[in-house]
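# Examining the three-dimensional arrangement
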Amino acid sequence: MDWDGFFRDNLTPVMAYQPGLREEQIREKVEVDSIYKLSSNESPLPPFPSALAAIQERLALLNEYPEGSCYRLVQLLSQHYGIPAEQVIVGNGSNELIDLIATTCLEPGDNVVYCWPSFVVYRSSAQIAGAQRREVPLAADGSFDLAALLAAIDEKTKLVFICTPNNPTGAAVGRAAFEAFLEQVPSHVLVVVDAAYEEFLDDEQADGQADEQAVRPADGQAVRLADGQAVGQAVRLADGQAVRPLDYYDGVRPYVVLRTFSKIYALAGLRCGYGFAPAPLVDMLHKVREPFNVNTLSQVAAEACFEDIAEIQKRVALNAAGKKQLQACFEKLGLVTYPSQANFIWVEVPDPPATFEALLKKGVIVRPFPGAQGLRVGIGDAQGVAATICAFTELFG
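The paragraphs below set out a description of the structure included in this document.

Basis of the calculations
Residues numbered from 1 in each chain as written. Predicted model: local features only at pLDDT ≥ 70, side-chain atom pairs only at ≥ 80, totals over all residues. Heavy atoms only, no water. Helix = DSSP H or I, 4+ residues; strand = E, 2+ residues; numbered from the N terminus. Buried < 20%, exposed > 50% of the residue type's maximum accessible area, 1.4 Å probe, protein only. Contact = heavy atoms within 4.5 Å. Areas by Shrake-Rupley, 256 points an atom, 1.4 Å probe, with all protein chains shown as cover. Pairing = 2+ DSSP bridges. Axes fitted to C-alpha atoms, helices over the stretch in contact; angles between N-to-C directions. Core = buried A, V, L, I, M, F, W, Y, C linked by side-chain atoms within 4.5 Å. Right-handed = clockwise from strand over helix to strand, strands pointing away. Phe/Tyr/Trp six-rings, centres within 6.5 Å; stacked < 30°, edge-to-face > 60°. Salt bridge = Lys/Arg side-chain N within 4 Å of Asp/Glu carboxyl O.

### Things to note about the overall build of the protein chain
- Counting its regular elements, the protein chain contains 13 helices and 12 strands.
- Across its three principal axes, the protein chain shows a C-alpha extent of roughly 60 × 55 × 55 Å.
- A burial count over the protein chain gives 52% of its 397 residues as buried.
- Across the protein chain, contacts joining residues at least 24 apart in sequence account for 74% of those joining residues at least 6 apart.
- Of the roughly 17,800 Å² of accessible surface on the protein chain, 52% is carried by carbon and sulfur atoms.

See the structure below:
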């Protein structure tokens, strides 16, 4: 078999997804007993008690196929958000929904526009579909530069991805910029907003902070995001209040909002995401998705914990406290960060690969990004935050 000529040519440059390192992969490298995995934006806490109870009740019925349409979960989401059920879709994580949208909508010759660095699946889904990629730099505050996205759109643009808060920087798009973008985006373009981290938004932090309140490098040098590109003398805050994408959903315009149960709900291991899209698009996504794509335990766990407001608030508060501690630490050490609205912080370091390895030896697993001048640091529980502060202080204090 001539494998080189056997596969589709457009798949050659696609990079297989690389998950964050796990404890068992680095155990021989570490110099401490405890290891903190802060590389995958996972919740440091287990699933909600209500979700665990629902899973336990359903274990004896795993001989049966899942409910193929996720009927109960779709109805719950529909009622909660006041959006018709025919405009709701559930997937094997929001990751699958991104892939399904690309598979459904893109053809060779189309192009996809998004900012970079951001979630790697935007890039891979476009590549797999054979579409062209137009990657534009982030804004100076680490959020999506919506004006730059508009400038990159042409008659061949089919999809625009917007990640807010952005992964890996944690910065959120402001309402004013978002509303201006929606007014100007051409009607032939499908706007897909990935709001996986929306539950962590802190409106009090985002609202009303002036541009001059910037986090500056200790030595006054330009901040660098990727490929050596200088993005300004300071990291500035997003304009005004952080956007909540579902506020702009009407079920008519070509506009999609994606959410997930992987982050605040701590169900990353079960893979359950959901989205809101115009009914014609949802109908087409059902044609191309796998049958029974969301397993039984994912569905019942998501149903059980979705409206557990008290538990959500407790976890949001834990994340906010840890984030505040980490940001104070990085500021004290003279390291540049972005104004994160997520459950992680992007921090600039002088030598990211060396810093990544040094942190590994101290039992702190973070996420490096090739070509970028920083690391994505997840916000752990109290012990994880303390270990992270200790490790960074030993390296840079």
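Next comes the rest of the write-up.
### Topic: the sheet that holds strand β7 (residues 255-260)
- Pairing is mixed in the open sheet, where 7 strands are placed in the order β2-β8-β7-β6-β5-β3-β4. This sheet does not close on itself; its edge strands, each paired only once, are β2 (88-91) and β4 (132-137). Ignoring which end each strand starts from, the neighbouring axes of this sheet average 20 degrees apart.
- The pairing of strand β6 (residues 190-194) with β7 spans 4 bridges and is classified as parallel. Note that in β7 the partner of Val191 across the bridge is Tyr255.
- Sheet strands in contact with helix α4 (residues 93-105) are β2, β5 (157-163), β6, β7 and β8 (273-276), and its direction is about 155 degrees off that of β7.
- Against the sheet, helix α7 (residues 175-184) touches β5, β6 and β7, its axis set at about 170 degrees to β5.

### Quick notes on the environment of Val74
- Counting through the fold element by element, Val74 comes out in helix α3 (residues 71-81).
- For the pair Val74 and Ala268, spaced 194 residues apart in sequence, the C-alpha separation works out to 19 Å.

### Focus: the sheet that holds strand β12 (residues 374-378)
- Spatially, the 3 strands line up as an open sheet ordered β9-β12-β11, and their pairing is antiparallel. The open sheet has two edge strands, β9 (344-348) and β11 (367-368), and neither has a second partner.
- Of the strands in this sheet, β11 and β12 touch helix α12 (residues 352-361), which is tilted by about 35 degrees from β12.

### Topic: the nonpolar core
- Core analysis: the biggest nonpolar cluster contains 85 residues, and Phe144, Leu149, Ile162, Phe178 and Phe181 have the highest contact counts within it.
- The element best represented in this core is α4, accounting for 6 residues.
- Other than its neighbours up to four places away in sequence, Phe178 contacts Leu146, Ile162, Val173, Val193, Val243, Tyr248 and Tyr255.
- Within the second largest apolar cluster, 25 residues are counted, among which are Ile26, Phe356, Leu359 and Leu375.

### Notes on the environment of Val88
- Among the structural elements, Val88 can be located in strand β2.
- Those residues in contact with Val88 that sit more than four places away from it in its chain are Val74, Leu77, Ser78, Ile83, Gly275, Phe276 and Val282.

### Considering the pairing of β4
- Across 6 bridges, strand β3 (residues 111-116) lies against β4 in parallel orientation. Its bridge partner being in β4, Asn111 is matched across the sheet by Gln132.
- Handedness of the crossover joining β3 and β4 through helix α5 (residues 120-129): right-handed.

### Here's the deal with unusual backbone geometry
- Put simply, Trp116 and Pro117 share a cis peptide bond, and its omega is 5 degrees.
- Inspection of the secondary structure puts Pro117 in the loop between β3 and α5.
- One non-glycine residue, Asn41, lies in positive phi territory at about 55 degrees.
- By the element assignment, Asn41 lies in the loop between β1 (36-37) and α2 (49-58).
- Here the phi dihedral of Arg271 falls at roughly 60 degrees; this positive angle occurs in a residue that is not glycine.
- Mapped onto the elements of the fold, Arg271 is located in the loop between β7 and β8.

### Overview of the packing of aromatic side chains
- Applying the stated criterion to the full structure yields 25 aromatic pairs.
- Consider the rings of Trp3 and Phe7, whose centres lie 5.6 Å apart with planes at 15 degrees: the pair is stacked.
- Ring geometry for Phe48 and Tyr265: centres 5.6 Å apart, planes at 40 degrees, overall tilted. Note that Phe48 is positioned in the loop between β1 and α2 and Tyr265 in the loop between β7 and β8, a separation of 217 residues in sequence. Across the pair, exposure class does not vary: Phe48 and Tyr265 are buried alike.
- Taken together, the ring pairs in this structure connect Phe48, Tyr81, Tyr249, Phe261, Tyr265, Tyr274, Phe276 and Phe306 into an aromatic cluster.

### Notes on the side chain of Gln299
- Looking at the element boundaries, Gln299 is found in helix α10 (residues 296-305).
- Excluding residues that lie within four positions of it along the chain, Gln299 makes contacts with Pro66, Glu67, Cys70 and Val294.

### Here we look at the pattern of salt bridges
- Inspection of the entire model under this criterion finds 14 salt bridges.
- Glu135 is paired through a salt bridge with Arg123; the nearest N and O atoms lie 2.7 Å apart. Taken together, the residues Glu135 in strand β4 and Arg123 in helix α5 connect sequence positions 12 residues apart.
- With a relative accessible area of 28%, Glu135 lands in the partly exposed category.
- The exposure class assigned to Arg123 is partly exposed, which follows from its relative accessible area of 23%.
- With a shortest N-O distance of 2.7 Å, Asp154 and Arg134 are connected by a salt bridge.

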